[in-house]
Amino acid sequence: MFKTKKMQFPACFVTIILLVVVLMPIGCATEEPEDPDEITVLLDWSPNTNYTGLYTAIEEGFYHDEDLKVEIIEAPGSVAQMVATGQAEFGISYQEEVTFARLSDIPVVSIAAIIQHNTSGFASLKERGIESPADFEGKSYGGWGSPVEEAMIKALMENHDADFDQVDIITTGEVDSLIVIEREADFAWIYYGWTGIEAELKEMELNFIELREEEPALDYYTPVLISSENLIAEDPDLIERFMRATTNGYLLAIDRPETAAQHLLAHAPELDEELVINSQEWLADKYQADADSWGLQDQETWEAYSRWLYEFDLIEEMPDVEKAFTNEFLK
Amino acid sequence: MKKLASIKANLPAVVMLMSIVALWELVCLTAKIPEYVLPAPSLIFIALWENIFLLLDHTKITLIAVLGGLALAILVAFILAMAMDRWKPLKQALYPVLVISQAVPIIALAPLMLIWFGVGLLPKVLIVALVCFFPLAVNLVEGFSQVDPEAIDLMQTMHADRWMIMRSVQLPFAMPYFFSGLKIAATYSVLGAIIGEWLGARAGLGIYMLRTMHSYRLSHLLAAIIVVIILSLIMFKLAELAGWLAMPWKRESNNQMEG
């Protein structure tokens with residue numbers, strides 16, 4: 001083997017490596033040198049009708065009119081940290097996450113409530129006969145098994161003098177909730193505007209126990225738009241421009257859900273069209289609901305949920321809710 | 001002759017795969033399993049066909065991360081393996097660290113990478129590099145250390161310097177080791193990129209999979225898995241091809257072996 005005199009092996013490698021290194025920047029260099037301020041919005045899940053206003057604002061040129069170039073990136077699991085560290089200007093979060101983040105010294109602030117009321121709740125197949133939280137007794141719950149979920153079930157059951165210890169908690173994680181309630185457990189926590197609509201399309205008959213109907217403190221904001229304390233202090237003008245365009249995006253989604261649905265589908269053609277269109281119709285009057293204008297947040301909502309978290313020992317101290325949210329960019 | 005033999009060799013795998021697919025289709029048809037539980041292969045192929053261009057767009061993005069990460073891993077593996085071979089204390093210090101680095105679950109590390117390096121291409125390239133680097137480095141170190149000491153002695157009596165020995169004895173000797181590492185790394189690389197995208201990205205096969213999963217389109221999700229499998233196979237074959245090109249002295253002996 002050692003007889004071979006001249007080896008050509010490195011030449012071929014070096015060529016491959018060089019090719020890749022040279023070609024890589026070509027692949028990435030898609031951004032044109034332009035004037036608009038480039039901002040990033042992080043999503044906490046895959047594109048869905050919660051985010052329609054953002055896509056609508058892009059497609060209708062609302063951001064363009066404010067001299068903004070918006071990039072939307074899916075980053076489930078690390079939105080709050082990345083917004084706080086300035087890796088992105090804005091993100092989608094929810095009141096619970098903002099509360100926990102702030103108590104862990106992650107300085108994010110909620111700047112708009114995307115949907116005015118909590119549309120989530122506990123779903124089960126009609127045939128299981130779970131019509132009120134009292135019926136949770138002797139049944140099984142499939143979810144992430146987080147302390148907050150357990151506390152929610154407990155709170156709802158206590159309101160009906162039912163015994164939480166008789167609920168079997170099963171961790172089902174990422175498994176599709178509709179499959180969970182069919183096969184793994186009796187009830188699961190879903191967002192009606194997406195999973196509930198999917199069940200309707202599949203003609204599954206559900207019982208749905210809405211959180212806010214059972215416990216007013218659980219009518220918290222989900223989802224919300226967040227930014228960082230830093231950006232609010234340093235560039236409020238940027239946030240104002242972003243929010244003007246975003247507000248217009250959501251207002252259009254409220255007025256013309258079918259157009260908005262097409263804008264969302266244009267950015268995420270992977271989604272099921274029927275689900276998007278139906279979900280969009282269902283959500284249209286829920287973005288703003290009874291608020292004076294889209295996005296407004298009420299201090300009492302923030303306080304009530306914080307108190308609830310505190311009462312159930314989920315947080316050790318009460319957060320300063322006045323710093324957790326602001327309506328100042330919703331002019 | 002050789003072609004015929006290779007078709008013959010692959011035949012059992014093809015027959016096996018086809019029977020699995022046929023059985024799967026049959027079960028879905030007869031048991032009337034709903035699509036959101038287990039889509040029939042025919043539905044998956046329809047989804048694949050209808051979305052082929054969309055899938056290719058996402059594949060391009062993923063491929064950039066795969067190739068970038070693999071290139072980085074090769075570069076770093078060569079540098080570190082050569083350095084560890086040259087300075088033994090370095091090997092003693094670094095080798096255990098390399099092993100430890102592989103015990104860290106990538107899925108837990110990836111969110112941190114996003115926080116440190118943002119949501120662009122870089123964190124995905126780094127995750128791919130991290131996954132691919134280990135089999136490459138370990139095999140190279142192994143290859144360098146397995147060189148016949150007499151060959152090195154011989155070179156030294158001829159006053160060859162270390163670089164000369166490395167270039168004409170150690171590197172060629174380590175090549176088969178390197179390429180078996182590369183085959184493993186290339187197969188893992190696609191998975192690494194998808195994990196990276198899963199945690200934060202604008203596009204890519206990982207994003208495609210998440211989006212279809214979250215809109216309950218199981219047949220589309222499985223279509224993406226087919227693309228991932230094909231991509232991994234292509235990467236594997238490319239690694240094999242690179243080995244074939246880089247080691248001309250191995251070709252003949254292989255041919256002889258295959259008859």
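Residues numbered from 1 in each chain as written. Chains lettered and ligands numbered in written order. Predicted model: local features only at pLDDT ≥ 70, side-chain atom pairs only at ≥ 80, totals over all residues.

(A) Inspection of the overall build of chain A at higher detail. Looking only at helices and strands, chain A has 15 helices and 10 strands in total. The buried share of chain A, reckoned over its 331 residues, is 47%. Intrachain contacts of chain A at a sequence separation of at least 6 include 79% that bridge at least 24 residues. (Helix = DSSP H or I, 4+ residues; strand = E, 2+ residues; numbered from the N terminus. Buried ≥ 20, exposed ≤ 12 C-beta atoms within 10 Å, placed from the backbone. Contact = placed C-beta atoms within 7 Å.)

(B) Main features of the sheet that holds strand β1 (residues 37-43) of chain A. Residues and elements named next belong to chain A. Spatial strand order, β2-β1-β3-β10-β4: 5 strands in an open sheet with mixed pairing. Strands with a single pairing partner mark the edges of an open sheet, and in this sheet they are β2 (68-74) and β4 (108-113). Adjacent strand axes in the sheet meet at a mean angle of 30°, parallel and antiparallel pairs treated alike. As defined by bridge partners, β1 adjoins β2 across 7 bridges and the pair is classed as parallel. Pairing of Asp37 across the sheet is with Leu68, part of β2. Strand contacts of helix α5 (residues 95-103): β3 (90-93), β4 and β10 (224-228), with the helix running at about 160° to β4, the strand carrying the most contacts. (Pairing = 2+ DSSP bridges. Axes fitted to C-alpha atoms, helices over the stretch in contact; angles between N-to-C directions.)

(C) Layout of the pairing of β10 of chain A. All names here are of chain A. Within β10, 5 of the 5 residues are buried, which leaves it mostly tucked inside the rest of the structure. Alternating residues of β10 divide into Val224, Ile226 and Ser228 and Leu225 and Ser227, and every residue in both groups is buried. Bridge count for β3 against β10 is 3 bridges, and the pairing is antiparallel. Opposite Ser93, over in β10, you have Val224 as the bridge partner. Where β4 and β10 come together, 5 bridges link them in antiparallel fashion. Paired with Val109 across the two strands is Ser227, which belongs to β10.

(D) Quick peek at the sheet that holds strand β5 (residues 120-125) of chain A. Residues and elements named next belong to chain A. Here 5 strands make up an open sheet; going across it, the order is β7-β6-β8-β5-β9 and the pairing mixed. Two strands lie at the open edges of the sheet, namely β7 (168-171) and β9 (206-210), each paired on one side alone. Across the sheet, the mean angle separating the axes of adjacent strands is 35° when strand polarity is ignored.

(E) Spatial organisation of the domain arrangement of chain B. By the assigned domains, chain B splits into domain 1 (1-32) and domain 2 (44-258). One C-alpha centre belongs to domain 1 of chain B, the other to domain 2 of chain B; they are set 29 Å apart. (Domains from an automatic or database assignment.)

(F) Looking closely at the confidence of the model for chain B. Across chain B, the average pLDDT comes to 89, with 95% of residues at or above 70. For this predicted complex, the interface confidence score (ipTM) comes to 0.77, while the overall pTM stands at 0.83. (pLDDT = per-residue confidence, 0-100.)

(G) Broad picture of the environment of Ala71 of chain B. Residue and element names in this part refer to chain B. Within the fold, Ala71 resides in helix α3 (residues 52-86). According to the C-beta neighbour criterion, Ala71 is buried, with 23 such atoms within 10 Å. Between the C-alpha atoms of Ala71 and Leu222, which are 151 residues apart in sequence, the distance is 29 Å.

(H) Examining the interface of chain B and chain A more closely. With 39 residues of chain B in contact, the opposing surface of chain A contributes 38 residues. At the level of secondary structure, the elements contributing two or more residues to the side of chain B that touches chain A comprise α3, α5 (106-117), α8 (162-199), α9 (205-214), α10 (218-246) and α11 (248-258) of chain B. Among the elements that make up the side of chain B that touches chain A, the one with the highest residue count is α3 of chain B (7 residues).

(I) Quick peek at the environment of Trp24 of chain B. Secondary-structure assignment places Trp24 of chain B in helix α1 (residues 2-31). Accessibility expressed as a C-beta count within 10 Å gives 17 for Trp24 of chain B, which makes it partly exposed.

(J) Fine view of the packing of helix α2 (residues 41-50) of chain B against α10 of chain B. Residue and element names in this part refer to chain B. Axis separation between α2 and α10 bottoms out at 8 Å; the angle between their running directions is 75°. By the criterion of interaxial angle, the relationship of α2 to α10 is roughly perpendicular. Taking contact as the criterion, the partners of Leu43, Ile44, Ala47 and Leu48 in α2 are, on α10, Ser219, His220, Leu222, Ala223 and Ile226. A class-by-class count of the residues in the contact of α2 with α10 yields 7 nonpolar, 2 polar and no charged. (Parallel < 35°, antiparallel > 145°, perpendicular 65-115°, else oblique. Nonpolar A, V, L, I, M, F, W, Y, C, P; charged D, E, K, R; others polar.)

(K) Quick peek at the environment of Glu150 of chain B. Along the chain, the position of Glu150 of chain B falls in helix α7 (residues 149-157). Sequence separation between Glu150 of chain B and Gly120 of chain B is 30 residues; the distance between their C-alpha atoms is 50 Å.

(L) Geometry of unusual backbone geometry. Note that the residue after Thr222 of chain A, namely Pro223 of chain A, is joined by a cis bond; omega there is 0°. Here the phi dihedral of His159 of chain B falls at roughly 60°; this positive angle occurs in a residue that is not glycine. Tracing the backbone through its elements, the reader meets His159 of chain B in the loop between α7 and α8. Given 7 C-beta atoms within a 10 Å radius, His159 of chain B is considered exposed. Of note, Tyr216 of chain B is a non-glycine position whose phi angle comes to about 65°, a positive value. Of note, Tyr216 of chain B is situated in the loop between α9 and α10. Owing to 22 C-beta atoms within 10 Å, Tyr216 of chain B belongs among the buried residues under this scheme.

(M) Structural detail: the packing of helix α6 (residues 121-145) of chain B against α8 of chain B. Residues and elements named next belong to chain B. Running from amino to carboxyl end, α6 crosses α8 at an angle of 160°, the nearest separation of the two axes being 7 Å. Compared by their axis directions, α6 and α8 come out roughly antiparallel. By crossing handedness, the relation of α6 to α8 is classed as right-handed. Grouping the constituent residues of the contact of α6 with α8 by class yields 20 nonpolar, 8 polar and 3 charged. (Left-handed = near helix turned anticlockwise from the far one by under 90°.)

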